[in-house]
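Structural overview for review
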Amino acid sequence: MEKLLVFMVMLASCYAETQDLSGKVLVFPRDTNKDHVKLMTPKTSLSAVTVCLRFKTDLTRNYALFSLATPAISNDFVLFKTNNDGVMKVHARNGGADFLSLSFPPNNWHTMCTTWDSEDGISQLWLDGKPTVKKFIHSGQPINGKPITVLGQEQDSYGGGFDATQSFIGMISRLHMWDYVLSPQEIRRYEEDSNFTPGNVFNWRALDYEVVGNILVEQEVM
């Protein structure tokens with residue numbers, strides 16, 4: 001079997017130019033309150049959000065998948081798997097909703113898309129092709145301010161406040177973020193990796209990111 005191409009980043013911080021990560025995964029190999037990946041975007045106002053990603057883990061404790069903070073609000077948009085079986089918490093503008101009765105078999109790849117619209121405050125989660133019910137989180141106020149977006153940690157303060165007991169261990173791939181709510185048809189195309197429109201906030205095929213700590217970039221093996 002052809003040896004995997006591995007880029008190991010051991011420096012405390014390393015800035016990466018825009019890169020096409022097609023066919024690659026980010027590997028988070030340890031409990032830590034330091035290691036994370038920071039995503040960069042010039043956008044400073046988001047009236048709606050869709051985040052899609054694929055992930056794999058064997059964790060049974062809580063962990064953060066995606067954490068977007070602004071100077072005013074540390075939980076401006078957060079995807080957080082709780083200790084409770086089958087529960088994913090979605091935060092928007094410091095509000096939150098628990099999506100229940102979900103299935104996260106360990107050591108399996110999962111595809112997840114999450115939407116939120118500031119106009120009506122409604123959020124929905126799609127996990128492995130199945131949509132959840134829609135739940136109200138927060139309305140009437142878009143996300144404003146320069147965002148700091150982190151993978152692998154949950155921000156309790158703007159750009160920091162990490163807790164090792166909430167860190168992610170596993171792999172993340174194919175992350176995209178849009179500043180609008182994707183239609184069910186477009187979400188299906190993302191899930192099938194079939195001619196979907198790449199994210200206009202974060203695009204896995206042209207990603208500006210910074211690695212802090214011991215994070216690996218490997219070839220994707222499904």
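In this text the structure is predicted, and so the values were computed from the model without any measurement.

With that settled, the discussion passes to the packing of aromatic side chains. This structure, assessed with the given rule, holds 6 aromatic pairs. On the numbers, 5.7 Å between centres and 75 degrees between planes, the contact of F28 with F168 is edge-to-face. With a gap of 140 residues between them, F28 in strand β3 (residues 24–28) and F168 in the loop between β16 (148–151) and β17 (170–178) connect regions that are remote in the sequence. As far as burial versus exposure is concerned, F28 and F168 are alike and both buried. When the centroid spacing of 6.3 Å and the interplanar angle of 40 degrees are considered together, the rings of F55 and F104 count as tilted. Residue F55 is located in strand β6 (residues 48–56), and its partner F104 is located in the loop between β10 (95–99) and β11 (110–117); the two are separated by 49 residues in the primary sequence. Members of the aromatic cluster, connected to one another through ring pairs, are F28, Y63 and F168. Across the ring face of F99, the terminal group of K135 is positioned such that the distance to the ring centre comes to 5.6 Å. A cation over a ring is seen here: R205 above F196, with NZ or CZ 4.6 Å from the ring centre.

Our focus in this paragraph is the UniProt feature "domain: Pentraxin (PTX)" (unreviewed entry) in the chain. Feature annotation in UniProt assigns "domain: Pentraxin (PTX)" (unreviewed entry) to the following positions: residues 22–222. From the first C-alpha to the last, residues 22–222 spans 13 Å; its make-up is 4% helix and 44% strand.

A word on the confidence of the model for the chain. Residues of the chain with pLDDT of at least 70 account for 92%, and the chain-wide mean is 93. The low-confidence segment residues 1–13 (pLDDT under 50) makes 29 contacts with residues lying over four places distant or belonging to another chain.

For the structure shown, the criterion picks out 1 disulfide. In this model, C52 is linked to C113 through a disulfide, with the two sulfur atoms separated by 2.0 Å. The sign of the 115 degrees torsion about the S-S bond sets the C52-C113 disulfide as right-handed. Linking C52 in strand β6 with C113 in strand β11, this pair joins segments that are 61 residues apart in sequence. The exposure class of C52 is buried, given its relative accessible area of 0%.

This part is about the pattern of salt bridges. Tallied over the full model, the rule gives 9 salt bridges. As a salt-bridge pair, K43 and D179 come within 3.3 Å of each other at their nearest N and O atoms. Taken together, the residues span a long stretch of sequence, with K43 in the loop between β4 (36–39) and β5 (45–46) and D179 in the loop between β17 and α1 (184–191) at a distance of 136 residues. Taking relative accessible area as the criterion, K43 reaches 27% and is therefore assigned partly exposed. Judged by its relative accessible area of 23%, D179 falls in the partly exposed class. Note that R174 and E220 form a salt bridge whose closest N and O atoms lie 3.2 Å from each other. Of this pair, R174 sits in strand β17 while E220 is found in the segment after β20 (215–219), placing the two residues 46 residues apart along the sequence. Residue classification places R174 among the partly exposed residues on the basis of a relative accessible area of 22%.

Moving on, we come to the pairing of strand β8 (residues 77–81). Across the 5 residues of β8, 5 count as buried, placing the element largely inside the fold. Residues F77, L79 and K81 of β8 are buried on one face, and the alternating residues V78 and F80, pointing to the opposite face, are buried as well. Judged from the 5 bridges that link them, strand β7 (residues 63–69) and β8 form a sheet pairing that is antiparallel. Within the sheet, the bridge partner assigned to A64 lies in β8 and is F80. Examined bridge by bridge, β8 and strand β9 (residues 88–92) share 5 bridges and lie antiparallel to one another. Pairing of V78 across the sheet is with H91, part of β9. Once β8 ends, the chain turns through 6 residues before running back antiparallel as β9, passing G86 with a positive phi of about 75 degrees.

What counts, and where the lines are drawn
- Residues numbered from 1 in each chain as written.
- Predicted model: local features only at pLDDT ≥ 70, side-chain atom pairs only at ≥ 80, totals over all residues.
- Heavy atoms only, no water.
- Phe/Tyr/Trp six-rings, centres within 6.5 Å; stacked < 30°, edge-to-face > 60°.
- Helix = DSSP H or I, 4+ residues; strand = E, 2+ residues; numbered from the N terminus.
- Buried < 20%, exposed > 50% of the residue type's maximum accessible area, 1.4 Å probe, protein only.
- Lys NZ or Arg CZ within 6 Å of the ring centre and 35° of its normal.
- UniProt positions renumbered as here; feature names shortened; annotations may be inferred.
- pLDDT = per-residue confidence, 0-100.
- Contact = heavy atoms within 4.5 Å.
- Disulfide = S-S within 2.5 Å.
- Salt bridge = Lys/Arg side-chain N within 4 Å of Asp/Glu carboxyl O.
- Pairing = 2+ DSSP bridges.

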